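Each chain is listed here by its residues.
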2 protein chains.
Amino acid sequence: MTFKRTNPLALAVLALLSERPMHPYEMAQTMRERHQEKVIKLNYGSLYTVVESLHRHELITASAVQKAGNRPERTVYAVTAAGTAELHDWLRELIAVPAREYPRFEAGISLVGLLPPADALQVVTRREAAVGEQLAALAVLLEKLAGMGLPQLAWIELDYRMAMLRAERTWLAWFATATREGTVGGYQDWEDRHR
Amino acid sequence: MTFKRTNPLALAVLALLSERPMHPYEMAQTMRERHQEKVIKLNYGSLYTVVESLHRHELITASAVQKAGNRPERTVYAVTAAGTAELHDWLRELIAVPAREYPRFEAGISLVGLLPPADALQVVTRREAAVGEQLAALAVLLEKLAGMGLPQLAWIELDYRMAMLRAERTWLAWFATATREGTVGGYQDWEDRHR
DNA sequence: TCCCGTATATCCGGCACCGAGTATAGGGTC
DNA sequence: GACCCTATACTCGGTGCCGGATATACGGGA
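Residues numbered from 1 in each chain as written. Chains lettered and ligands numbered in written order. Predicted model: local features only at pLDDT ≥ 70, side-chain atom pairs only at ≥ 80, totals over all residues. Heavy atoms only, no water.

Observations regarding the interface of chain B and chain A
The extent of an interface is frequently quoted as the accessible surface area lost upon association of the parts. In this assembly, 65 residues from chain B lie in contact with 65 residues from chain A. Summing both partners gives a buried area of about 6300 Å² for chain B against chain A, and 68% of it is carried by carbon and sulfur. The interface formed by chain B and chain A includes four salt bridges. Between Glu106(B) and Arg161(A) there is a salt bridge, with the nearest N and O atoms lying 2.9 Å from each other. One can count 25 residue pairs in polar contact (both at pLDDT 80 or more) joining chain B with chain A. Elements represented by at least two residues in the side of chain B that touches chain A include exactly helix H1 (9-17), helix H4 (81-96), helix H5 (104-110), helix H6 (117-147) and helix H7 (156-180) of chain B. The leading source of residues in the side of chain B that touches chain A is H7(B), at 12 residues. (Contact = heavy atoms within 4.5 Å. Buried area = accessible area lost by both parts, 1.4 Å probe. Salt bridge = Lys/Arg side-chain N within 4 Å of Asp/Glu carboxyl O. Polar contact = N/O pair within 3.5 Å; in protein donor to acceptor, adjacent residues only side chain to side chain. Helix = DSSP H or I, 4+ residues; strand = E, 2+ residues; numbered from the N terminus.)

This is the structure:
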């Protein structure tokens, strides 16, 4: 069986190991330090599952089993040539080919007609505020990272996310206005259904 | 145990049943007809799991077990009062509170520095084209839906998605240019690492 | 009348994922 | 030196999701 590119955590593991050999717990630490866990979902259970899977497919090797004192044994892994190839190819695919994803907000907004217009307006406004806060927080973080001397390329994904959040906020503002003023297509029927 | 709002397919089920009672297979048919499966991931296995879970939590009831001829029995479900309440509350939450999600592209682009700049440029350009095609396809679909006399509110989620795709395309165009011209922050180092 | 492809309707086994649980080491405090 | 809190490192059982398997009905052509 060929390796399945499901969990992006496996990508992170390959990327970390292409720097230097590590044991799983250390990978988690490093991801936390670098705020990588905000971009790639990390939790211990999955981490060990994913490492084992990479190992089975010979994309990484168990290079050493250290045993310092009486601590639990820790297995240090290293990436193989096949692993590096997989990393680069997967990366290319992730960037080049838009994946069909199912953002939860799309599911919600597609059914917004089930809520009374007044309720809809309220929740959309709440989201708008929340998105604004996220943008502010990101701006602060970017400031900090730039101040630490990190180049833009090191936080390019935050740049992308900010662009997306700004677009979302703009759309939300439009929708809120269109609802408030009753100019969204089908408004009359919407209001009629809820009285 | 209280019902867990994990799979949005359960939301779709509640929404469908709030129109009229249905059996699971019919729900799937209806979702397909309405292109809902593009917004909420549907597959048969999950559908039956989700319906069973809703049933266990008494958000829907098995109202009748029809048996037409010798066909497999089909269980028709109906939404309960608790189910309707759950539907509305879940909807409000989905819209009001941005969920932490992990788009695969963010994972990919965050590691783009591992690819040589020339490769990166190529894959980003490919994505830009793909996103353009998706936008074109969506525009055609919108045209068709509007032509059928459906109000904007009925395809509001497509409106949202188009806004997001446009923003993504703009960002991709910027990143491609910045890479081609070497103006992205950290470019020199990036290029140096790959020779 | 027989056959076969398609539509109807559900079921089930495997597997990835998750988060809470476990167990030891190290360091600070009284 | 007894105590306790945090950091280290991994394990494991439960659960939900998935996609292919199953089984019957129906319509149309040879």
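What follows picks up the thread again.
Digging into unusual backbone geometry
All names here are of chain B. Phi angles above zero are rare outside glycine, and His35 is one such case at about 60°. Following the sequence through the fold, His35 ends up in the loop between helix H2 (24-33) and helix H3 (44-56). When its relative accessible area of 30% is taken as the criterion, His35 is described as partly exposed. Positive phi values are uncommon outside glycine, yet Glu58 reaches one of about 60°. (Buried < 20%, exposed > 50% of the residue type's maximum accessible area, 1.4 Å probe, protein only.)

Details of the relation of the copies chain B and chain A
For the match of chain B to chain A, the screw axis carries a shift of 0.0 Å, the RMSD comes to 0.0 Å, and the turn is 180°. Classification of the inter-copy transformation places it as that of a two-fold axis. Of the residues that chain B buries at the interface, 100% are likewise interface residues in chain A, meaning the two copies contact each other through the same surface. (Least-squares fit on C-alpha atoms with pLDDT ≥ 70 in both.)

Re the domain arrangement of chain A
Once the domains are mapped, chain A shows domain 1 (9-96) and domain 2 (104-193). Each of domain 1 of chain A and domain 2 of chain A has a C-alpha centre, and the two are 34 Å apart. (Domains from an automatic or database assignment.)

Quick look at the nonpolar core
Nonpolar side chains tend to gather and get buried jointly when the protein is soluble and globular. Residues Phe175(A) and Phe175(B) are the most contacted members of the largest nonpolar core, which totals 128 residues. Residue contacts for Phe175(B): discarding those within four places in its chain leaves Leu153(A), Ile156(A), Ile109(B), Val112(B), Val124(B), Val184(B) and Trp190(B). (Core = buried A, V, L, I, M, F, W, Y, C linked by side-chain atoms within 4.5 Å.)

Re a nonpolar patch on the surface
Residues Tyr25(A), Tyr44(A) and Tyr48(A) make up a contiguous nonpolar surface patch of roughly 300 Å² in combined accessible area. For Tyr44(A), the position within the fold is in helix H3 (residues 44-56). (Patch = residues over 30% accessible without salt bridge, like charges linked within 9 Å, V, L, I, M, F, W, Y side chains within 5 Å. Areas by Shrake-Rupley, 256 points an atom, 1.4 Å probe, with all protein chains shown as cover.)

So, the pattern of salt bridges
All names here are of chain A. Within the structure shown, the criterion is met by 25 salt bridges over all chains. Among the salt bridges present, the one from Glu86 reaches Arg5, with a minimum N-O distance of 2.7 Å. Taken together, the residues span a long stretch of sequence, with Glu86 in helix H4 (residues 81-96) and Arg5 in the segment before helix H1 (9-17) at a distance of 81 residues. Between Arg195 and Asp192 there is a salt bridge, and its shortest N-O distance comes to 4.0 Å. Within the structure, one salt-bridge network assembled from shared partners comprises Arg5, Glu86, Asp89 and Glu93.

So, the side chain of Thr30(A)
All names here are of chain A. As for its position among the elements, Thr30 is in helix H2 (residues 24-33). Given the relative accessible area of 6%, Thr30 is considered buried. When neighbours within four sequence positions are excluded, Thr30 is seen to be in contact with Leu16, Arg20 and Met22.

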